[in-house]
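# Descriptive structure summary
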Amino acid sequence: MGESAVLLRWGQTLDAALNATVHAAAHALRRAALPGIEDIAPAYASLLLRFDLDVWSARGTRDAFGALHEAVDPLLAATSASATLPSRELCVPVCYGGEHGPDLAEVARRAKLSQQALIALHCAPLYRVAMLGFAPGFPYLLGLDAALQMPRRAQPRVSVPAGSVAIGGAQTGIYPGALPGGWHLLGRTPWRLFDAAREPACLLQPGDGVRFTSISAEEFSASARDRP
């Protein structure tokens, strides 16, 4: 991936076990604190390492990629996807339906569920943040019930409100800002997922566990005044 980055691949599919392996590898690499590693960015089935070319060019007699290979390989070989990794579990409040979830009724109709049954089904799983992508702070969440999986909208929206909780294909996610998007909007959270002035800027991190909880429009308005 250019002269100062390398992409490690484990596969090409959306698979929870595969993603767990990626996060275990990311954790092992962070814990090793190798010199000159500038960024470790996990995705669904791959991991991007950005490194300082000068630091790794000066290590040993091999080129930078060879030196990095020698340092990283033993760490990956010792990585276990079943290892217990440090992670958080966050309960994200969502106001479903109405102006905050304009696609809820249509999704319920297509899934042959009542709106309340759909909300309960969407709130039931413990989702896992597989990766951040598309826009800063956008979490791709694994764990969506098969009954709620459906193709993206035929007509994408030019602007989706910040905090919108949506489903697309086999995934659910949260729009961190006002963005174009083609996922089905079920509701909206008052939480601010991305704030460049905050440390860390992204509220959710890869590997985090996420549960959704349904709140009323009144609770949404009150929470919006005191959001994280």
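Just above sits the structure.
Residues numbered from 1 in each chain as written. Predicted model: local features only at pLDDT ≥ 70, side-chain atom pairs only at ≥ 80, totals over all residues. Heavy atoms only, no water.

## Here's the deal with the sheet that holds strand 3 (residues 46–51)
Heads up, the rule is: Pairs of strands are assigned from DSSP output, requiring at least two bridges between the strands. Secondary structure elements are defined from DSSP: runs of H or I of at least 4 residues count as helices, runs of E of at least 2 residues count as strands, and each element is numbered from the N terminus. Note on geometry: axes are C-alpha line fits, over the in-contact stretch for helices, and angles between N-to-C directions span 0 to 180 degrees.
Taken in spatial order, the three strands make up an open sheet running 1-3-2, and their pairing is antiparallel. Both outer strands of the open sheet, strand 1 (5–9) and strand 2 (37–42), are each paired with one neighbouring strand and no more. Neighbour to neighbour, the strand axes of the sheet diverge by 15° on average, direction disregarded. In the sheet, strand 2 pairs with strand 3 via five bridges, with the strands oriented antiparallel.

## Looking at the packing of aromatic side chains
Filter applied, for reference: Centre distance within 6.5 Å is the pairing criterion for rings of Phe, Tyr and Trp, where only the six-membered ring of Trp is used; planes under 30 degrees apart are then read as stacked, over 60 as edge-to-face, and the remainder as tilted. Think of it in three bands: with a 1.4 Å probe and only protein chains considered, a residue is buried below 20% of the maximum accessible area for its type, exposed above 50%, and partly exposed in between.
According to the stated counting rule, one finds nine aromatic pairs in the structure shown. Ring geometry for tyrosine 44 and tyrosine 140: centres 6.2 Å apart, planes at 70°, overall edge-to-face. Linking tyrosine 44 in the loop between strand 2 and strand 3 with tyrosine 140 in strand 6 (residues 139–142), this pair joins segments that are 96 residues apart in sequence. Judged by its relative accessible area of 15%, tyrosine 140 is buried. Each residue in the set Tyr44, Phe134, Phe138, Tyr140, Tyr175 and Trp183 is aromatic and connected to the rest through ring pairs, giving one cluster.

## Let's talk about the side chain of glutamine 171
What counts, and what does not: Here a polar contact is taken to be a pair of N or O atoms separated by no more than 3.5 Å, where protein atoms must pair a possible hydrogen donor with a possible acceptor and residues adjacent in sequence count only if both atoms sit in side chains. Contacts: residue pairs with any heavy atoms within 4.5 Å of one another.
Note on placement: glutamine 171 falls in strand 9 (residues 171–174). At 2.4 Å, the side chain of glutamine 171 forms a polar contact with the side chain of tyrosine 44. With near-sequence residues (within four places) excluded, glutamine 171 lies in contact with Leu14, Tyr44, Tyr140, Leu141, Leu144, Arg152, Ala166 and Trp183.

## A few points about the pattern of salt bridges
What counts, and what does not: Each salt bridge in this description consists of a side-chain nitrogen of Lys or Arg and a carboxyl oxygen of Asp or Glu lying within 4 Å of one another.
The tally for this structure, following the rule as stated, stands at six salt bridges. In this structure, glutamate 89 engages arginine 211 in a salt bridge whose closest nitrogen and oxygen atoms are separated by 3.1 Å. Of the two residues, glutamate 89 is situated in strand 4 (residues 89–96) and arginine 211 in strand 12 (residues 209–214); the sequence distance between them amounts to 122 residues. Across the pair arginine 109 and glutamate 106 runs a salt bridge, and its minimum N-O distance is 2.6 Å.

## A word on the pairing of strand 12
Remember that side chains alternate between the two faces of the sheet whenever the strand is regular. Note that strand 4 and strand 12 share six bridges and pair parallel. Bridge pairing in strand 12 places proline 93 opposite threonine 213. Bridging between strand 5 (residues 127–132) and strand 12 involves two bridges; their strand directions are antiparallel. For arginine 128, the partnering residue across the bridge sits in strand 12 and is glycine 209.

## Topic: the sheet that holds strand 12
What the seven strands build is a closed barrel, ordered 4-11-8-9-6-5-12; its pairing is mixed. When the angles between neighbouring strand axes are averaged without regard to direction, this sheet yields 40°. For strand 8 (residues 164–168) and strand 11 (residues 184–188), the ladder comprises four bridges, and the chain directions are antiparallel. Bridge pairing in strand 11 places alanine 166 opposite leucine 185. Across the sheet, helix 5 (residues 115–123) touches strand 4, strand 5, strand 8, strand 9, strand 11 and strand 12, and the angle it forms with strand 12 is around 155°.

## What about helix 5?
Since the α-helix advances by 3.6 residues per turn, residues separated by three or four positions end up pointing in the same direction. Spelled out, the test is: Here the arc refers to the directions that run from the helix axis out to each C-beta atom.
Along helix 5, the positions that sit buried rather than exposed are Leu118, Ile119, His122 and Cys123. Here the buried residues of helix 5 occupy an arc of 130° about the axis, which is enough to place them on one side.

## What about the packing of helix 4 (residues 104–111) against helix 5?
Spelled out, the test is: Note on angle classes: values under 35 degrees are labelled roughly parallel, values over 145 roughly antiparallel, values of 65 to 115 roughly perpendicular, and the remainder oblique. Under the scheme applied, nonpolar residues are Ala, Val, Leu, Ile, Met, Phe, Trp, Tyr, Cys and Pro; charged residues are Asp, Glu, Lys and Arg; polar residues are all the others, including Gly.
It is at 9 Å that the axes of helix 4 and helix 5 come closest, and there the two elements cross at 90°. By the angle between their directions, the pair helix 4 and helix 5 is classed as roughly perpendicular. Here Leu104, Ala105, Val107 and Ala108 of helix 4 come into contact with helix 5, specifically with Gln115, Leu118 and Ile119. When grouped by side-chain class, the residues that make up the contact of helix 4 with helix 5 number six nonpolar, one polar and no charged.

## A few points about unusual backbone geometry
Cis geometry is adopted by the peptide bond preceding proline 200, which originates at glutamate 199 and carries an omega value of 0°. At alanine 33, a residue that is not glycine, the phi angle is positive and equals roughly 50°. As for its position among the elements, alanine 33 is in the loop between helix 1 (16–32) and strand 2. Its identity is not glycine, yet lysine 112 carries a phi of approximately 60°, on the positive side. When you line up the elements, lysine 112 lands in the loop between helix 4 and helix 5.

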